[in-house]
Amino acid sequence: MSSNSVAYVYRPVTIDAIVEVFEVARQCGKTVALKGAGNSYGDAFQNAENIVIDLSRMKRILEFDPRNGIVKCEPGVTIQELWHYAIGDGWWPPVVSGTSYITLGGALAANIHGKNNLHEGTIGEHVLSFDLLTPNGEVIQVDRDSEPELFFAVIGSFGLLGVIASITLQLKRIHSGYLDVQAISVPNFDAAFEAFQSKAEQHDYIVAWIDAFASGPRCGRGLIHIADYLKEGDDAHPEESLRVDAQKLPDTVAGWIARSRMWKLMRPWVRPTGMRIVNWAKYTAGKREHGKRYRQSLAAFNFLLDSAPNWKWSYRPGGLVQYQPFIPMDRARDAFDRIITLSQDRGFVPFLTVMKRHRPDSFLLSHAVDGFSLALDYKVTKKNRESFRELIRALDEIVFEAGGKFYFAKDSTLQRGAAKLFLDEASISSFMAIKQRIDPEMILQSDLSRRIFGEFVPVSNALETTDESQIL
Ligand SMILES: Cc1cc2nc3c(=O)[nH]c(=O)nc-3n(C[C@H](O)[C@H](O)[C@H](O)COP(=O)(O)OP(=O)(O)OC[C@H]3O[C@@H](n4cnc5c(N)ncnc54)[C@H](O)[C@@H]3O)c2cc1C
């Protein structure tokens, strides 16, 4: 959303066609990046002046067993297509992101988390197996038992180890299309952390919206939502709530504004004064919502941002940079306060701020911590880009000092070498060793990989180079 580049884009629909593209890349001396639906906030699927394989046309659901909820899909199937397909039989994707437009290939490559991260972990924890197509055309069937090293390395490796060509996933059994939701208004970070402390363990989902314009003792004020799946029998008419129609977001907002036009209406508000008013109004309305319990469809609860399609366009002509640090439990309160206060002091108040609770996982390039994340949306323009960069460097220091981590799906600002500060050296070395084994020509690269790791140099050339990426 904040970066762009020009590349040669192929949109294959078969494995053979992907293999052909790798061959073309080899002949032309180009590298290849993989793309799902292009929903990453940064440059994870971009590959300037090189080749991009767009996998979004590989979207067949290959197998589904409604008795046990096991589904096998091609990588271009989106989360939305998957839940549309399975909900009628009482199944739901166990982990979803804040938008349903992402592909399953992209979801695995980033190892996405949802608002239920504390209980369900990341999507990778629900994957039974996947087929990995390596750049030399070999297809490896990967599961936890037969290929544990590849299983934990490929999930979360952002398309740098091979093409996830099919995915077998265990879906979650649901007994209703609704969640039981409760709102909790919090006047500051102390109250927000206290609420997470007392509620997160007991409830399936928890997420907080934070008003980043509030300062001093009100810093961290906002609205928390907790939500739970309904148990069998709680919904008198599950056959109705489990219909796709019952889940769908309405086509109009307030009965007359077409959702597709929402971003145009939002545009005049997407500036500091407008967003200060919007945040204040949301907080004030949230105070009235405090303590209320209600039922909300799974889609409406999980995919709030989808109700305003193309909302990112309201940040034009500059762009939106999302900054999402993950901070361990005992340091998060202080770090979040400092991040918001410093942003305010430098004149960059995030327009949308969301806080989540996380748990660690066993994937090689994991972004997870036993703690919290804060996702901050900043508006950046041509004029303020330089001072924004300075702010980001100062925020990075706060995050690293607190032992925090970053998530490549959301990142567009980390600099080369930064990975060493939050991924341990052993993990990076293991990742490089696997890459050298299955992609020795270093065909799979992206703007993200070059920004973070530097150019990957083929094993045969590595002896002749002093490139830093080889000695990470
Ligand atoms: C509004 C919004 C809300 C979001 N909310 C969340 C959230 O709550 N939690 C969360 O974790 N993330 C969230 N994200 C981030 C998003 O889930 C990830 O960036 C996801 O990877 C995007 O999937 P995609 O299909 O668009 O993939 P792309 O963005 O196109 O690609 C993402 C990565 O996957 C790789 N890739 C794609 N397909 C394959 C494949 N078949 N094989 C191997 N590698 C592949 C690409 O090379 C790239 O590195 C959100 C993004 C948006 C825009």
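This structure is a prediction, so every number in the text was calculated from the model and none was measured.

Reading the values: the criteria
- Residues numbered from 1 in each chain as written.
- Predicted model: local features only at pLDDT ≥ 70, side-chain atom pairs only at ≥ 80, totals over all residues.
- Heavy atoms only, no water.
- Near = heavy atom within 4 Å.
- Polar contact = N/O pair within 3.5 Å; in protein donor to acceptor, adjacent residues only side chain to side chain.
- Areas by Shrake-Rupley, 256 points an atom, 1.4 Å probe, with all protein chains shown as cover.
- Helix = DSSP H or I, 4+ residues; strand = E, 2+ residues; numbered from the N terminus.
- Salt bridge = Lys/Arg side-chain N within 4 Å of Asp/Glu carboxyl O.
- Buried < 20%, exposed > 50% of the residue type's maximum accessible area, 1.4 Å probe, protein only.

Asks: Explain the site of the ligand residue by residue, including any values.
Replies: With respect to spatial proximity, 35 residues lie near the ligand, and among them Leu34, Asn39, Ser40, Thr103 and Tyr407 are the closest. Between glycine 36 and the ligand, the recorded distance is 2.7 Å, taken from a backbone N or O atom to an oxygen atom. Note that a nitrogen atom of the ligand is positioned 3.0 Å from one of the backbone N or O atoms of glycine 98. About the coverage of the ligand: the protein hides 98% of its 970 Å² of free accessible area. Those elements that place two or more of their residues in the shell around the ligand are strand E2 (32-35), helix H3 (104-110) and strand E9 (163-170).

Asks: Hey, could you go over the pattern of salt bridges for me, with residue numbers and the actual values?
Replies: Considering all chains together, one arrives at 23 salt bridges under this definition. Its salt-bridge partner being arginine 11, residue aspartate 54 comes within 3.5 Å of it at the nearest N-O pair. Remark: arginine 11 occurs in the loop between strand E1 (8-10) and helix H1 (15-28) and aspartate 54 occurs in strand E3 (residues 51-54); sequence separation between them is 43 residues. Relative accessible area serves as the criterion here: at 6%, aspartate 54 is assigned to the buried category. The class for arginine 11 is partly exposed, based on a relative accessible area of 41%. When salt bridges with common partners are traced through the structure, they connect Arg11, Lys35 and Asp54 into a single cluster.

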